[in-house]
Every structure is written in C-alpha cells, then in structure tokens.
Amino acid sequence: MERITGSVGIIPQHDQNTYMTMLEASDLLYVNEVYQTRDEIGVAVYYDRRDQDAIKPLLNDAHFETVTEKLTESPRLALGDIDKELKALKKETTSIKDRLAKMSKEVWQLMLTEEYYEAKLQRERSKLFLIDEKHLFIMEGWLEEEEVPHMEAALKRILPEEEYVLYVNDVKEEEYDDVPVVLKNNDYVSPFESITAMYNLPKYNEIDPTPFLAPFYLLFFGMMAADVGYGLLLWMATFVVLKFTEVSPAMKKNMRFFHLLSYPTIIWGLIYGSFFGAAMPIVLLSTTNDVITILIISVIFGLTQIFFGLGINTYLKLRNKDKFGAFSDGIGWIGIFAGIIILLLGNMVLDSEILGTIGAVVAVASALGIILATTLGSENKALGVGLGVYNLYGITGYIGDIVSYTRLMALGVSSGSIALAFNMIIGFIPGVGRFTIGAVLFIVLHAVNLGLTFLSSYVHGARLIFVEFFGKFYEGGGKA
C-alpha cells in the first residue's frame, strides 16, 4: 500500500450501466463491485498513487461519492459498536413484544379507532369528487345504466327542473381500467360469482365468465365429491340455513352456492352407487372396477371444457376484428385436437385407415394454419414465422392441461375408497360395540372424510376453472 491507494464509495445506478462501465474501462483503475441496489452500486477502487490527479476527474464524471472520508474511527471499532447496538435493540424488541402481548384491550380500542379514522378519511376523499361553491354544487361518479332513470326521478322529486342539470356520459375507452363493474346473473348463476371474484373480476370491456364456468364447476364438484349421503347432508344443512335463519346477503349467497353443489354430489353419488361409502343396489360406474372408464370420462369432460374455452376465445377475437388471432389462438388449436381425436378413433378404436388419414390431415393443416395466421398477423413476417412455430410449442401446455382433468377421477375414487375403508374399520368392531362406539366412530370418521372431500372438490374445481379454462380466454383485472 506504499505505492497503491484506494477508496470505497458509491456510484448511481444507470439504465445502460454507464458509470460502472466508465470506471471499468479505465486502464488506471482496478474496480471491485461490493454491492448493488436499485439506486446505487457500492464499489472499491484502487490505483497508483502517482495517478491520483488523473483519477479525480474520472471519479467525478462517474459521480463517485467516497464513504471512507466519512469514517472517524476504524471499521473494527465501528462494527463492535453496531453489534452492541443490535443486541440492545433485540433486547428492547423482546421487551416491547412482551408488553404488546398483554395489551389485548388496547388492540381492540386501536382497531375501533382505525375504523373511525378510516371512515373520516373516506369522507374527505369523497370531497375530491365534489365541487361545492357558494352558488354551485357538482358531483361526479359512476352509476349503473339501469339506475339512471331512478336518479332522474329522484332529482325531479327534490328540485325544480330549472335548478339542476344531469349529464349522462357513456364510458370512454380510455376509462375502461377505472370503471367499477357489477356482475348481473340470474339466481342460479350469481352464486358462482364468488369463483370469478376469487380469480379476478372482468374488466369493463371483458366478457363475464360466470355463466360459462357455472355448469362445469357443478359437474366437476359433483364428480369429485360423489356420495349420496354427503350430498344429502350438504343439501339439508344449506336448506335449513336458507329457509329458517336470517343471514347476511353475502352469507345467503354462499349458502345458495353450496346448496346448488349438493345436487350434482347426489347425482354422481347415484352414478357411483355410494351412500356414505356403502355400495347401493344399483351401481352404474364402480370406483373399484371401472376406474379406467371414469378416467376416460374425466378426460372427455376436460377436452370439452378446453374446446369451449377456445371457442369463446375465437368469438372474442372475431368480435375485436382480429381474424388472424382467432385462428392462431382458437380455431387452429380446435382443429389440431379434433384431428388428433379423429386419428386416434380411426387407428385405435374403429380400425379405419381413411378416418385416421383424415384426422392426420386436419391436425397438420391446422398446425400449418397457425403458423400462417401468426405470420400474416405480424408486421415483421420473418418474426411472425418464428412466433408461429413457437406458438405450436404450446401443445406441451395443453397436454398438461388434459392430464390435470384426471383429478376428477382420482379425487372421486379416493374419497369413496376412504369412506369404504372407514366402514370396514367399524365393521371389525364386534357385537354391541358396533352400535355404540361404532356409531360414534362412524360420525367422527365420516365427518373428517366429508370435510376433506368438500374442501378438495372446492379447491380443485376452482383450479381447473382458473388454470385450464380461464387461461384460454379470460384475463380479468376489474374492480367492484
């Protein structure tokens, strides 16, 4: 260090990394990066003492700010002081946490205070939408279209016509991201709005997916829960709440949601012939002997939903006059999968060479059509060809989507098998015990299985909607 000196400091971050590049490009400096943040880079620079005068302008140009000159004591001593301070702070933190843990009464008071001041803040914010002068009052806001006549009637009742003006403006395209949305569905579909809201409400110019997801969700939930006894319990519990209790509108909507789900649970329980895990006299599909058939049905339901999602996407693209996007993101994929299905039917089921050939031609033509449509829809045609080929790589994602629907079989079979196993355990209890402790065990074990079954059906049903269905046509991002 007799001949070499150096300094530790910071330089600002830059989009093109200009200042760091400036330092690293100099032959007079050795630069070592110490750390990076969003705003700055910490560096250590070393140079020959004889070049000190030449180095200063370079460091100034790079906005180098030295930190070594600010040090009044050795780093070792400073670090020791910081360690002591940290230990004191940790001790103080522990003490504060202990005191806070004993302040449950104060927490409740603080929560009430927060609610109070939040309400006052909202009132102040609402004034931003008002102009209240000595001779003029103006209020602006959003209103559902069907509420406009009610607003007009209310103003006529309260004020003479010469004393007010009501302007009703249509929503402009640049306002689409700001417009709050209200979903409008009938009594059978509106309970499923909670599933849409869980994912994301539609934007103002988007389609409401709730009517399209509702039948699939009913089907999927029923197929995974699939027990007459469990379905009847769900039906009875929700019916009692809806009929004989006063609950909030939100809770009532939730109860109607689960009440509707009880029907497919009972229907699929009848198909599987399962009543609290016990076999019923008539079994259309056995969860022990017809697993492969149930698996095939699950995949068929999955393909149907995927086709439906692609069909909606095609309609939306055509509505927006994007004919190339309609083919590359909708019709083309429908053609590929339809061709593959025809090919498999011809070669593996019907043993028809002609049908197999037709399927292969349809699939290949659709794939080439996707590349062509992507190319024609791109300004840069060469890039369009590449994007079209890359678009075809999406078939791996579709394969994963189709495999995901096997959970319809897996969860239906597993919940039925667990219920059957519980019944076998109770069956091992001898004599009177079967009707005493056995009855208690029956209630407890089936309550556990019922909870797990409904939870799994609820979560996995939503997952199939969100990932495999919404991913084909729906974005969301609206606000209530």
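Residues numbered from 1 in each chain as written. Predicted model: local features only at pLDDT ≥ 70, side-chain atom pairs only at ≥ 80, totals over all residues. Heavy atoms only, no water.

Focus: the sheet that holds strand S1 (residues 4-12)
Thought 1: Sheet architecture is open: four strands sit in the order S2-S3-S1-S4, paired in antiparallel fashion. If you trace the sheet from one side to the other, it starts and ends with strand S2 (30-36) and strand S4 (65-66), each paired once.
Thought 2: With two bridges connecting them, S1 and S4 associate as antiparallel partners. Each bridged residue has a counterpart across the sheet, and for glycine 9 the counterpart in S4 is threonine 66. (Pairing = 2+ DSSP bridges. Helix = DSSP H or I, 4+ residues; strand = E, 2+ residues; numbered from the N terminus.)

Side note on the confidence of the model for the protein
Thought 1: Averaged over every residue, the pLDDT of the protein is 88; the share at 70 or more is 100%.
Thought 2: Least confident of the elements in the protein is strand S5 (residues 130-132), whose mean pLDDT is 72; most confident is helix H7 (residues 210-225), at 94. (pLDDT = per-residue confidence, 0-100.)

Examining the pairing of S1
Thought 1: The pairing of S1 with strand S3 (residues 40-48) spans nine bridges and is antiparallel. The residue of S3 that forms the bridge with proline 12 is glutamate 40.

A look at the pattern of salt bridges
Thought 1: On inspection of all chains with the given rule, the structure shows eight salt bridges.
Thought 2: When the shortest N-O distance is used, the salt bridge between aspartate 48 and arginine 50 registers 2.9 Å.
Thought 3: Lysine 184 is the salt-bridge partner of glutamate 146, the closest N and O atoms lying 3.3 Å from each other. Of the two residues, glutamate 146 is situated in the loop between strand S6 (137-139) and helix H5 (148-158) and lysine 184 in the loop between H5 and helix H6 (193-199); the sequence distance between them amounts to 38 residues.
Thought 4: Where salt bridges share partners, they join Glu144, Glu146 and Lys184 into one cluster. (Salt bridge = Lys/Arg side-chain N within 4 Å of Asp/Glu carboxyl O.)

Section: the packing of H7 against helix H10 (residues 291-319)
Thought 1: Two numbers describe how H7 lies on H10: the axes approach to 12 Å, and their chain directions differ by 170°. Relative to H10, the element H7 lies roughly antiparallel. Viewed along their axes, H7 and H10 form a crossing whose handedness is left-handed. Facing H7, whose interface residues are Phe212, Phe216, Leu219, Phe220 and Met223, H10 presents Ile294, Ile297, Ser298, Phe301, Thr304, Gln305, Phe308 and Ile312.
Thought 2: Across the contact of H7 with H10, the residue classes tally to ten nonpolar, three polar and no charged. (Axes fitted to C-alpha atoms, helices over the stretch in contact; angles between N-to-C directions. Parallel < 35°, antiparallel > 145°, perpendicular 65-115°, else oblique. Left-handed = near helix turned anticlockwise from the far one by under 90°. Contact = heavy atoms within 4.5 Å. Nonpolar A, V, L, I, M, F, W, Y, C, P; charged D, E, K, R; others polar.)

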